[in-house]
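Residue-level structural notes
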2 protein chains.
Amino acid sequence: MSRIVMKFGGTSVANLERIRHVAGLVADEVAAGHEVAVVVSAMSGETNRLVALVDDLDADSDQGGTIDDEYDSVVASGEQVTSGLLAIALRRRGLKARSWLGWQIPLMTDEAHSKARITGIDSPDMDSSLKNGVVGVCAGFQGVTNKNRIATLGRGGSDTSAVALAVALKADRCDIYTDVDGIYTTDPRIVPAAKRLKTISFEEMLELASLGAKVLQTRSVELAMNNNLPIRVLTSMAKDGAPNPGTLVCNEVKKMEERVVSGVAYSRDEAQITLLQLEDKPGMVAKICQAMANANVIVDMIVQGISRSDNAANLTFTVGKRDLDTALAALEAAKKDIGFEKMKSDDNVAKVSIVGIGMRSHTGVAQTMFEALAERSINVEVIATSEIKISVLIDSEYTELAVRALHSAFELEHA
Amino acid sequence: MSRIVMKFGGTSVANLERIRHVAGLVADEVAAGHEVAVVVSAMSGETNRLVALVDDLDADSDQGGTIDDEYDSVVASGEQVTSGLLAIALRRRGLKARSWLGWQIPLMTDEAHSKARITGIDSPDMDSSLKNGVVGVCAGFQGVTNKNRIATLGRGGSDTSAVALAVALKADRCDIYTDVDGIYTTDPRIVPAAKRLKTISFEEMLELASLGAKVLQTRSVELAMNNNLPIRVLTSMAKDGAPNPGTLVCNEVKKMEERVVSGVAYSRDEAQITLLQLEDKPGMVAKICQAMANANVIVDMIVQGISRSDNAANLTFTVGKRDLDTALAALEAAKKDIGFEKMKSDDNVAKVSIVGIGMRSHTGVAQTMFEALAERSINVEVIATSEIKISVLIDSEYTELAVRALHSAFELEHA
């Protein structure tokens, strides 16, 4: 007998029909002899409805400072409803079940309301309840501060709740049910021949998540990796009784390394900034990074170059597309301090990446990548690499072409 | 400076526009120098929506026993949303405010989920928060059990929350905002000349509430009376700046006693049962009451008589209309034990009552009442009296006529 945590997102519990279906999936695991804790999101659309109420009132004036604590209390009600409803659906199938709200578990967080981080989970009550065969239905996305206020983990925080809870409950596995049936070699909307991976390593999943694959939240993968907790990604939309193996995200095993590249990711949320005619002062890159950090802008890829015409240094880097205006304003303000003449920017760019732990032991991966891009005359503007990934910044017009070229070059359709 | 509790029902917080209006009413009291705690219901319609979700799942099967604990967790989310939203609206007016959920106060209850009773409120945190000028916006209708589960007080429980909280916080007054502007001498839909009372005693209000006046919950009036906490009933629908004195419910004062009758109440939720040809056994009435209590049916008026024709005893009593079938079944089952031959019932009856603490010191009140009814040929079937009220059971067809006759006989249009 093992203990598992099952997590269901908003579309999986969108209405009573879906909630009944989820109760059936839980019942199957209980029938298989497992102790089961479930983490649920709000019914889809509900969080947006609640946020709209808050935003409307918030727009009344600027008086009175932050309202994030009250935002959390209002919005957390969405998961409260779902957890109670699923517990009822389970009891009406004859199972023992009860709901657990963040403050009842308790799932402790810091006081960064609306984007809180989990500081600890210690729930002997829930542990013994699970041992007694009672399914624990937890409201995801929420916790409680040491001031006894409700805090939410921010959008998508339910994945993190589920993994953190699985770690705290010493679960054997965390199953994340979603609207796709696993992790694919790339976006099937771009490459119809994309294949579902049976397994993928934590490291690869982490790269894919931060490079634009939206199936799992980065924080939840980090947490699972640090605690060596296997995650299974599978669909909650499968027909009753249909096979639903999903993708297992776990520590790397020998076999995985034979695969050179596991997936191709892309992101269009990038913008490129180039500073021209930089003075060659020591600590210049540090100053730029400092200016961006002060403006809460995360710098991603950086490349330094020399202009042939005037022999002056240039620097190109990327930021999130929605941070572009903030970044440009901060650079303009620090122009003298950093020491550059002009800057230009472009938000018509995309980042395309290949990821695979096999890269560590295989040579020629970069060569295959750049040849495939060159054959399609795709110009690479910036390159960034890690031990297990290579990312390139290209004109966004070529995104789909580049993804297809790379998927084919690494023969991922046979993965 | 005094401390007051303000309570707003579902129609008073029906939408964001109404919530903003309520924030204005609260701001007025803060501006007047008061420490203010507010108790809110769910936005009107919201509780029904949540109950419908629960009922739908509940109907799936009979497996799994009670779901009242989960019902409470789901339904309590309605007040959670309103309390957060009002706290935000208050901050955006520049006031200090925060929400308090039942478990945060904490408002402790017993474990009778969905109809819990308050067992205690001890909130030094809220007390000091109010002293610091922070408006406390409490989710009404909900508390927490000593097993750390959410419990609701049952429909209408927000009045009781508000009064209990006012008592615990040693408030000077509890203002109940509703959709009428006070307590009237009778239902203005029946008697357009009905007058709003400036004051009414707890005892009178208690009788009126239990006799069918629906403005205040009986439990909340009892609690206020036992703790000598004045309640003011007033409307939340008044235009900004319009006078809104309402009705003050408080301990009787000399002047009140000069008023013989304060109000006329009526209820059509009655049914009459008559047991015929009863054996004259000792403890027979006790047996009937026992049979009703076992069936969870509350017996109201009782009258015993002798039939002229066969010289056998009859017994007539009233029960709530929706309990009639249950009562009849229970009586049929206990027929032998109680010892009666036949029974008949009638749910086409109404109870009309006059209430007034002046009755204690004035004679001739009953005479005036029965003369007024006799003049209109209204037949009285059962009579019940207390120190400060007289109730009669009549054919429901005559309800409005009787109410008007009594209102006029006691000159309440000049109250």
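What you see is a predicted model, and the numbers here were worked out from it, not measured in a lab.

Time to look at the relation of the copies chain A and chain B. Both copies of the chain are related through a single rotation about an axis accompanied by a shift along the same axis. Here chain A sits on chain B after a turn of 180° about the axis and a move of 0.1 Å along it, with an RMSD of 0.2 Å. Interpreted geometrically, this transformation is the action of a two-fold axis. Considering only C-alpha atoms, the part of chain A nearest the rotation axis is S77(A), at 2.6 Å.

What follows deals with the environment of I105(B). In this fold, I105(B) is placed in the loop between strand 3 (97-100) and strand 4 (107-109). Each C-alpha atom, one on I105(B) and one on L165(B), is 9.5 Å from the other, the two residues being 60 residues apart in sequence.

In this structure, V38(A), L86(A), V38(B) and L86(B) are the most contacted members of the largest nonpolar core, which totals 255 residues. The two domains that each donate at least three residues to this core are domain 1 (3-179) and domain 2 (264-414) of chain A.

With that settled, consider the sheet that holds strand 2 (residues 35-40) of chain B. Residue and element names in this part refer to chain B. Read across the sheet, eight strands follow the order 3-6-2-1-9-11-12-10 without closing on themselves; strand pairing throughout is mixed. Of all the strands in the sheet, the pair left with one neighbour each is strand 3 and strand 10 (199-201). Across the sheet, the mean angle separating the axes of adjacent strands is 20° when strand polarity is ignored. Pairing geometry for strand 9 (residues 173-178) and strand 11 (residues 231-235), over five bridges, is parallel. Paired with T178 across the bridge in strand 11 is T235.

Here we take up unusual backbone geometry. I105(A) connects to P106(A) through a cis peptide bond whose omega is -20°. Checked against the element boundaries, P106(A) lands in the loop between strand 3 (97-100) and strand 4 (107-109). Phi is positive for N228(B), close to 50°, though the residue is something other than glycine. Relative to the helices and strands, N228(B) resides in the loop between helix 8 (218-226) and strand 11.

The predicted coordinates should not be examined in detail at positions where pLDDT is low. With 98% of its residues at a pLDDT of at least 70, chain A reaches an overall mean of 92. In the model output, the complex is listed with pTM 0.84 alongside ipTM 0.83.

The rules behind the values
Residues numbered from 1 in each chain as written. Chains lettered and ligands numbered in written order. Predicted model: local features only at pLDDT ≥ 70, side-chain atom pairs only at ≥ 80, totals over all residues. Least-squares fit on C-alpha atoms with pLDDT ≥ 70 in both. Helix = DSSP H or I, 4+ residues; strand = E, 2+ residues; numbered from the N terminus. Core = buried A, V, L, I, M, F, W, Y, C linked by C-beta atoms within 7 Å. Buried ≥ 20, exposed ≤ 12 C-beta atoms within 10 Å, placed from the backbone. Domains from an automatic or database assignment. Pairing = 2+ DSSP bridges. Axes fitted to C-alpha atoms, helices over the stretch in contact; angles between N-to-C directions. pLDDT = per-residue confidence, 0-100.

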